[in-house]
Amino acid sequence: MARLLAIVEVEKRQSIRCCAEECNRPVYKRIHVIEEDDKTILVLGSKCYGILYKGQLSSEAVYTGVCSRKLTEEERRLLVENTEQLIKAFHQERESILNKSAQEPKRRPVVGKQDFGKQVDNHGRTVKCHFCSEPMITQLPHTPAIGFKCQQCKASGVTVSLATRKKNALRRSKLLTSKD
């Protein structure tokens, strides 16, 4: 049975090629790393992943969860040159996190009304970013404040929340229709 090992992303200018048969399309976001039954590792873009494995695999990756992980330069190089080595590095990183959390006192699980409140691997939980609405893992024991940003929104300098953008769009549409 195939397993989804990781969902990763790289800079657009450093996109890689999808390894699906006859595809070779450049991909940079939502790159899916799959391990086949025969221990072959495939690196696929989201479209090819959806076509080949639709509904067959869990949407949560073994090493990155449901969110994509932005790769460093070294990790990108490993993805292209030696994907197995990158997966070993992910495994070692996860083991060290699990060992570290096993030594810490246990936290009380925080359960929310939706799936976004469930406990994740005893070292975080999944919540939605207030700026892009993408799921992200947090260590906070409570619901994040309204100004809480995921790493990608912080890196790209997003300053206006999704709710504010929706309100502004609604106001603009009302202004346009009232002028007519």
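A. Fine view of the overall build of the protein chain. When helices and strands are counted, the protein chain shows five helices and eight strands. The 180 residues of the protein chain split such that 31% are buried. Pairs at least 24 apart in sequence give 46% of the contacts found in the protein chain among residues at least 6 apart. Surface exposure of the protein chain reaches about 12300 Å², of which carbon and sulfur atoms provide 52%.

B. Examining the state of the cysteines more closely. All chains considered together, the criterion is met by zero disulfides. The closest cysteine sulfur to the non-disulfide-bonded Cys23 is located on Cys48, 3.5 Å from its own sulfur.

C. Seen up close, the nonpolar core. The biggest cluster of nonpolar side chains holds 28 residues, and the ones touching the most others in it are Ile34, Leu79 and Phe90. Broken down by secondary-structure element, the contributors of at least two residues to this core are strand S1 (3-9), strand S4 (31-35), strand S5 (41-44), helix H1 (46-53), helix H2 (73-81) and helix H3 (83-103).

D. Highlighting the pairing of S1. Here S1 lies mainly inside the structure; six of its seven residues are buried. In terms of strand pairing, S1 meets S4 through five bridges, oriented antiparallel. Note that in S4 the partner of Ala6 across the bridge is Val33.

E. Representation of the confidence of the model for the protein chain. Residues with a pLDDT of 70 or more make up 74% of the protein chain, whose mean pLDDT is 76. Counting contacts from residues 107-123, a segment whose pLDDT is below 50, to residues more than four positions away or on other chains yields 36 contacts.

F. Layout of H2. Residues of H2 that are buried: Glu75, Arg76, Leu78 and Leu79. Down the axis, H2 shows its buried residues gathered within 160° of arc, on one side only. Along H2, exposed side chains directed more than 90 degrees from the buried face belong to Val80 and Glu81.

G. Structural detail: the side chain of Arg76. Within the secondary structure, Arg76 is located in helix H2. Within the buried core, Arg76 has no salt-bridge partner, and the shortest N-O distance to an opposite charge, that of Glu73, equals 6.2 Å.

H. Expanded view of the pattern of salt bridges. Going through the model one piece at a time under the given rule, you end up with seven salt bridges. Here Glu35 and Arg3 are joined by a salt bridge, their closest N and O atoms 2.9 Å apart. Of this pair, Glu35 sits in strand S4 while Arg3 sits in strand S1; the two residues are 32 residues apart in sequence, bridging distant segments of the chain. In this structure, the salt-bridge partner of Lys29 is Glu9, at a minimum N-O distance of 3.9 Å. Taken together, the residues Lys29 in the loop between strand S3 (26-27) and S4 and Glu9 in strand S1 connect sequence positions 20 residues apart. A cluster of three or more residues bridged by salt bridges with shared partners is formed by Arg69, Glu75 and Glu93.

What counts, and at which threshold
Residues numbered from 1 in each chain as written. Predicted model: local features only at pLDDT ≥ 70, side-chain atom pairs only at ≥ 80, totals over all residues. Heavy atoms only, no water. Helix = DSSP H or I, 4+ residues; strand = E, 2+ residues; numbered from the N terminus. Buried < 20%, exposed > 50% of the residue type's maximum accessible area, 1.4 Å probe, protein only. Contact = heavy atoms within 4.5 Å. Areas by Shrake-Rupley, 256 points an atom, 1.4 Å probe, with all protein chains shown as cover. Disulfide = S-S within 2.5 Å. Core = buried A, V, L, I, M, F, W, Y, C linked by side-chain atoms within 4.5 Å. Pairing = 2+ DSSP bridges. pLDDT = per-residue confidence, 0-100. Arc of directions from axis to C-beta. Lys, Arg positive; Asp, Glu negative; His and termini not counted. Salt bridge = Lys/Arg side-chain N within 4 Å of Asp/Glu carboxyl O.

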